[in-house]
Amino acid sequence: MKINDLFGIEGKVAVISGGSRGIGEMIAAGFLANGVKVYITARKERELHLKAEELSSTYGGECISIASDLSTVDGIKDFANQIKEKEEHIDFLINNAGAAWAEPFGAFSEGGWDKVMDLNVKSIFFLTQELAPLLRINGTPDDPSRIINIGSIDGMNVAAFETYSYGASKAAVHHLTRHLAARLIDENILVNGIAPGPFPSNMLGAAVAHDYSEIAKRNPRKRIGTPQDMAGLAIFLCSRAGAFTVGETITCDGGVVKLGGHNLG
Ligand SMILES: NC(=O)c1ccc[n+]([C@@H]2O[C@H](COP(=O)([O-])OP(=O)(O)OC[C@H]3O[C@@H](n4cnc5c(N)ncnc54)[C@H](OP(=O)(O)O)[C@@H]3O)[C@@H](O)[C@H]2O)c1
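Residues numbered from 1 in each chain as written. Predicted model: local features only at pLDDT ≥ 70, side-chain atom pairs only at ≥ 80, totals over all residues. Heavy atoms only, no water.

## Observations concerning the site of the ligand
Right, on to step 1. In the neighbourhood of the ligand, 31 residues make up the surrounding shell, with Ser-20, Arg-43, Lys-44, Tyr-166 and Ser-201 lying closest.
Right, on to step 2. Contact between the ligand and Gly-18: an oxygen atom at 3.2 Å from a main-chain N or O atom of the residue.
Right, on to step 3. Leu-70 places a polar main-chain atom, nitrogen or oxygen, 2.9 Å from a nitrogen atom of the ligand.
Right, on to step 4. One can see that the ligand is located within the largest pocket.
Right, on to step 5. With three residues, the single largest contributor to the shell around the ligand is helix H7 (residues 202-208). (Near = heavy atom within 4 Å. Polar contact = N/O pair within 3.5 Å; in protein donor to acceptor, adjacent residues only side chain to side chain. 1 Å grid on protein atoms, 1.4 Å probe; cavity = no way out; pocket = protein on both sides within 12 Å on 5 of 7 lines; lining within 4 Å. Sits in = over half its atoms within 2 Å of the grid points. Helix = DSSP H or I, 4+ residues; strand = E, 2+ residues; numbered from the N terminus.)

So this is what it looks like as structure tokens:
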């Protein structure tokens, strides 16, 4: 019952998609600070490599960058093959990379639909399919491997923005989380989701010109999320403490969904 036994994740190996900034970076920082070897991936190579260097030096752990585009199955296979060349097993897969798109209902484009669905939904399924063999290696009934899919409260509540494909994609992520959880539990891989509310990032920042004050005011907690909020929940889900939580998508939103705050973010 000691805190280290309940929440310790030292020595594990994690893959985080979209780890170069935002929510993926927050989870990477939390893992690295607690002794996890972390692989991050994103498209923009330079930004990604610099982030890996910064995270390694800030937290003293090993953060390795591999650039990829996960929006196609070819890109996913290429990334997974590079992981397979470097690691004989992985313990955690964090399916975080995502994109949003807003356009008025009458003008909403096929491109805006497909871009979001391909990255937010398709890439989670196929990256999980590709990396499941590595997750199976060290998973045991006492210490299963973990997958966390990053959904959104926009997949639970209707968003304030005209982000039709995004909300639908995130509802799909939450359901896919349950389906994959059912399929993988007997292989000692536990699948859960996190549905973030507002967190500072390029994605949310772009919608509000990086001024989060209005969003904070409307949030039941009167603030937006912090790296500690996000990393803490991810660590719980990957630790001994989270080993009986399966197929859940847990909100991390300051109470927006449960208390009926405004759905900005
Ligand atoms: N921030 C929020 O308030 C909020 C709320 C709810 C849910 N979320 C979810 O949280 C996740 C992270 O979003 P964020 O807010 O942190 O956004 P962000 O700051 O835009 O970060 C997105 C990350 O994904 C990477 N990425 C984008 N397209 C990619 C591709 N095709 N292949 C590989 N990597 C790609 C980006 O790097 P590159 O651009 O270099 O590829 C970046 O590292 C998303 O799933 C999002 O839907 C965020």
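Moving on, there is more to tell.
## A short note on the environment of Glu-62
Right, on to step 1. Its place among the elements puts Glu-62 in the loop between helix H3 (45-59) and strand S3 (63-65).
Right, on to step 2. Linking Glu-62 and Lys-37, residues 25 residues apart in sequence, is a C-alpha distance of 5.1 Å.

## What about the state of the cysteines?
Right, on to step 1. Counted under the stated rule, the structure contains zero disulfides.
Right, on to step 2. Here Cys-238 stays unpaired: no disulfide links it, and the sulfur of Cys-252, its closest cysteine neighbor, is 14 Å away.
Right, on to step 3. A residue is classified by how much of its surface remains accessible, and Cys-252, at 14% relative accessible area, is buried. (Disulfide = S-S within 2.5 Å. Buried < 20%, exposed > 50% of the residue type's maximum accessible area, 1.4 Å probe, protein only.)

## A word on the pattern of salt bridges
Right, on to step 1. According to the stated counting rule, one finds 13 salt bridges in the structure shown.
Right, on to step 2. The partner of Arg-21 in a salt bridge is Glu-47, and the shortest N-O contact between them spans 3.3 Å. With a gap of 26 residues between them, Arg-21 in the loop between strand S1 (13-17) and helix H2 (22-32) and Glu-47 in helix H3 connect regions that are remote in the sequence.
Right, on to step 3. Under the relative-accessibility criterion, Glu-47 is labelled partly exposed at 31%.
Right, on to step 4. Here Arg-183 makes a salt bridge to Glu-187, at a shortest N to O gap of 2.8 Å. (Salt bridge = Lys/Arg side-chain N within 4 Å of Asp/Glu carboxyl O.)

## Focus on the environment of Arg-223
Right, on to step 1. Residue placement: Arg-223 occurs in the loop between helix H8 (213-218) and helix H9 (227-238).
Right, on to step 2. For the pair formed by Arg-223 and Thr-249, sequence separation is 26 residues and the distance between their alpha carbons is 22 Å.
Right, on to step 3. For Arg-223, the contacting residues outside a window of four places in its chain are Ala-216 and Asp-229. (Contact = heavy atoms within 4.5 Å.)

## Details of the side chain of Glu-25
Right, on to step 1. Inspection of the secondary structure puts Glu-25 in helix H2.
Right, on to step 2. A distance of 3.1 Å separates the side chain of Glu-25 from the side chain of Lys-51, its partner in a polar contact.
Right, on to step 3. Beyond its immediate chain neighbours, meaning those up to four positions away, Glu-25 contacts Gly-18, Gly-19, Ser-20, Lys-51, Glu-54 and Leu-55.

## Regarding the packing of helix H5 (residues 110-138) against helix H6 (residues 164-184)
Right, on to step 1. Relative to each other, H5 and H6 sit at 10°, their axes nearing to 9 Å. The angle between the axes of H5 and H6 places the two elements in the roughly parallel class. Classified by chirality, the crossing of H6 by H5 is right-handed. Here Gly-112, Trp-113, Val-116, Met-117, Asn-120, Val-121, Ile-124, Phe-125 and Thr-128 of H5 come into contact with H6, specifically with Tyr-164, Ser-165, Tyr-166, Ala-168, Ser-169, Lys-170, Ala-172, Val-173, Leu-176, Leu-180 and Leu-184.
Right, on to step 2. Counted by class, the contact of H5 with H6 contains 14 nonpolar, five polar and one charged residues. (Axes fitted to C-alpha atoms, helices over the stretch in contact; angles between N-to-C directions. Parallel < 35°, antiparallel > 145°, perpendicular 65-115°, else oblique. Left-handed = near helix turned anticlockwise from the far one by under 90°. Nonpolar A, V, L, I, M, F, W, Y, C, P; charged D, E, K, R; others polar.)

## Topic: the pairing of strand S5 (residues 145-150)
Right, on to step 1. In terms of burial, S5 is a largely internal element, six of the six residues being buried.
Right, on to step 2. Alternating positions in S5 separate into two faces, Ser-145, Ile-147 and Asn-149 on one and Arg-146, Ile-148 and Ile-150 on the other, with burial throughout.
Right, on to step 3. Two strands pair when backbone bridges link them, and strand S4 (residues 92-95) and S5 are joined in this way by four bridges, in the parallel orientation. Of the residues in S5, the one forming a bridge with Ile-94 is Ile-148.
Right, on to step 4. Each parallel crossover has a hand, and the one from S4 via H5 to S5 is right-handed.
Right, on to step 5. Here six bridges tie S5 to strand S6 (residues 189-196), and the two strands are oriented parallel to one another. Residue pairing across strands places Ile-147 opposite Val-191, the latter belonging to S6.
Right, on to step 6. Regarding the hand of the β-α-β motif, the stretch spanning S5, H6 and S6 is right-handed. (Pairing = 2+ DSSP bridges. Right-handed = clockwise from strand over helix to strand, strands pointing away.)

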